[in-house]
Amino acid sequence: GARSERERETMSWTELTTFNAFDAYDDGIVRGFKSALLTESDYENLMQCNSLEDVKMFLQATDYGTFLSNVVELDPATIVEKATQRMVEEYNYLVGNAGETLSAYLDFLRHPYMIDNIVLVLSGTTRNDSSLSKLLEACHPMGMFEELLTVGVASTPKELYELVLIESPVGKYFRNFQFEDMHELKPELIRARLYKAYLEDFYDFCVTRCSPTTAEVMRDILNFEADRRAISTTLFAMSPKVEL
């Protein structure tokens, strides 16, 4: 059952006695990132911009600074790309300064992006929809990992696992896959199976490796995400346009 208010307060003070020894620096970094987020008034001002150049000039006056300074021809896709690149750089800085447990926790946050990238590459290569280079360009930078760049050596889904994915951060989520059937599965169903394994793994990590407060908060978040994905996958499977 839920912990009492007294138990929560006692546990909070107990955790705070060791917090500074491991995660204080990253906590300060995150607080700085939070203070740099655009405010409601900032977005209202952005809505008054008449061009992308106006947007660029306005953002230069915020904590986003000059992240668009080297862009000659502005377009929405480029702004998204540069903003995403900055997010990845800030994430990597966090990981580089994190303690062992926090670093492992932050790694889990990348796994969904890795899964999405693998499904994208896998579905594209098995159906010859696009060249590998174009598929990799379409991958999210938060989900890039060294092994993904070598997927060209595999000609079947099973080879992809044995030669490439088995050593990747998310390779363990493929262990119970029937690779002979992968060609027959829709990408969304492959993604659903991988996400299920990921959420179970993340849940176990939070309960066994993280602090009680983190475990309690993440338990609710991961339970919600698991339910949401189960409903989404069921609706997808029930769609008359989907051939299972």
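One can find the structure itself at the top, above this paragraph.
None of the values given here were measured: they were computed from a predicted structure.

Conventions we followed
Residues numbered from 1 in each chain as written. Predicted model: local features only at pLDDT ≥ 70, side-chain atom pairs only at ≥ 80, totals over all residues. Heavy atoms only, no water. Axes fitted to C-alpha atoms, helices over the stretch in contact; angles between N-to-C directions. Helix = DSSP H or I, 4+ residues; strand = E, 2+ residues; numbered from the N terminus. Parallel < 35°, antiparallel > 145°, perpendicular 65-115°, else oblique. Left-handed = near helix turned anticlockwise from the far one by under 90°. Contact = heavy atoms within 4.5 Å. Nonpolar A, V, L, I, M, F, W, Y, C, P; charged D, E, K, R; others polar. Salt bridge = Lys/Arg side-chain N within 4 Å of Asp/Glu carboxyl O.

Between helix α9 (residues 187–209) and helix α10 (residues 212–238), the least distance of the axes is 10 Å, while the angle of their chain directions is 165°. Between α9 and α10, the angle is such that the two are roughly antiparallel. As for the relative orientation of α9 and α10, their crossing is left-handed in sense. Residues Glu188, Leu189, Ala192, Tyr195, Leu199, Phe202, Tyr203, Cys206 and Val207 of α9 lie in contact with α10, whose contacting residues are Ala215, Met218, Arg219, Leu222, Asn223, Glu225, Ala226, Arg229, Thr233 and Phe236. Residues that form the contact of α9 with α10 fall into these classes: 13 nonpolar, two polar and four charged.

Contact geometry for helix α2 (residues 24–35) and helix α5 (residues 76–96): axes closest at 9 Å, N-to-C directions at 160°. As summarised for this structure, α2 and α5 are arranged roughly antiparallel, according to the angle between their axes. The handedness of the crossing between α2 and α5 is left-handed. Residue-level inspection shows Tyr25, Asp26, Ile29, Val30 and Phe33 of α2 in contact with α5, the latter providing Glu90, Tyr93 and Leu94. By residue class, the composition of the contact of α2 with α5 is six nonpolar, no polar and two charged.

Note that Val217 resides in helix α10. With eleven residues separating them along the chain, Val217 and Cys206 place their C-alpha atoms 9.3 Å apart.

With that out of the way, let us pick up the pattern of salt bridges. All chains considered together, the criterion is met by eight salt bridges. The residue Arg229 makes a salt bridge to Glu225 at a minimum N-O spacing of 2.9 Å. Of the two residues, Arg229 and Glu225 both sit in helix α10, four residues apart, roughly one turn of that helix. A network of salt bridges, in which partner residues are shared, links Asp116, Glu188 and Arg191.

Don't take any of this as a statement about function, it's just geometry.
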